[in-house]
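Notes for the structure review
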Amino acid sequence: GQWSANLLELTRHLTSGVFLAVNTLCNQAASAEMDIMEKTPDPDEDDVKLSHDQPASEFFRNPNDDDDWSDIAYSLMQQIGLTGIALLWVPPTGEGGAPSEMYVLPTASALPWPPSPIYPHGSYLIQPYYPYGPFSTIPSYQSAAGARIPAEQIVRIKNQHPILRYDGYAVLTAIARQ
């Protein structure tokens, strides 16, 4: 389904007190310690922490060439805090189609598309956003620019919307005055 809120407008509110609150949450997420655990088949046993040289640990420690896990955690929290939804792109670029990279996509530039013969699970059209100058653009369904990403490569993390099961609910929307 389509987004129920204007995500670009919500993203533009990263100023003053909203910035302070969202930035605090982002910094807390970025500074949290993370361990990758392997589930044990016996429910009475504790899960086992993977060592740092395991591929899964390495994947989360270095999710792509530009970011570390702290950058990913910060960006995820920023998107959830502003729009209620965070989109984590995990393309199958490793051996056997396993993921070897992950990126946080700006939710406001991602337009969901329904299933089609080419994308049976749906897709997201990721559009460039140029806020300034003569070539300024706003992401819309009328634009042909951008890249299409299959929905199965996207992990959607969201605040639950009170009505729309597929959509996230932004804190900024929740605290808005009627």
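A brief structural summary.

Cut-offs and rules
- Residues numbered from 1 in each chain as written.
- Predicted model: local features only at pLDDT ≥ 70, side-chain atom pairs only at ≥ 80, totals over all residues.
- Heavy atoms only, no water.
- Patch = residues over 30% accessible without salt bridge, like charges linked within 9 Å, V, L, I, M, F, W, Y side chains within 5 Å.
- Areas by Shrake-Rupley, 256 points an atom, 1.4 Å probe, with all protein chains shown as cover.
- Salt bridge = Lys/Arg side-chain N within 4 Å of Asp/Glu carboxyl O.
- Lys, Arg positive; Asp, Glu negative; His and termini not counted.
- Charge placed at Lys NZ, Arg CZ, Asp CG, Glu CD.
- Helix = DSSP H or I, 4+ residues; strand = E, 2+ residues; numbered from the N terminus.
- Buried < 20%, exposed > 50% of the residue type's maximum accessible area, 1.4 Å probe, protein only.
- Pairing = 2+ DSSP bridges.
- Axes fitted to C-alpha atoms, helices over the stretch in contact; angles between N-to-C directions.
- Contact = heavy atoms within 4.5 Å.
- Expected span 1.5 Å × (residues − 1).
- Arc of directions from axis to C-beta.

1. Describing a negative patch on the surface
Side chains of Asp42, Asp44, Glu45 and Asp46 sit close together on the surface and give a patch of like negative charge. Here Asp46 lies in the loop between β1 (37-38) and β2 (48-49). The class for Asp46 is exposed, based on a relative accessible area of 66%.

2. Notes on the sheet that holds strand β3 (residues 85-89)
Pairing within the open sheet is antiparallel, and its three strands lie in the order β4-β3-β8. The open sheet has two free edges, formed respectively by β4 (103-105) and β8 (154-158), since each of these has just one partner strand. Taking the axes of each pair of neighbouring strands and ignoring which way they run, one obtains an average angle of 30° across the sheet. As defined by bridge partners, β3 adjoins β4 across three bridges and the pair is classed as antiparallel. By the bridge assignment, Trp89 is partnered in β4 with Tyr103. Against the sheet, helix α4 (residues 69-83) makes contact with β3, β4 and β8, and its axis sits at roughly 145° relative to β3, the strand it touches most.

3. Some details on helix α2 (residues 16-31)
With 16 residues, α2 extends 22 Å from end C-alpha to end C-alpha; this agrees with the ideal 22 Å at 1.5 Å per step. Residues Val22, Asn23, Cys26 and Ala30 constitute the buried set of α2. One side of α2 carries all its buried residues, which in axial view fall inside an arc of 105°. Along α2, exposed side chains directed more than 90 degrees from the buried face belong to Leu20, Gln28 and Ser31. Elements in contact with the buried residues of α2: α4.

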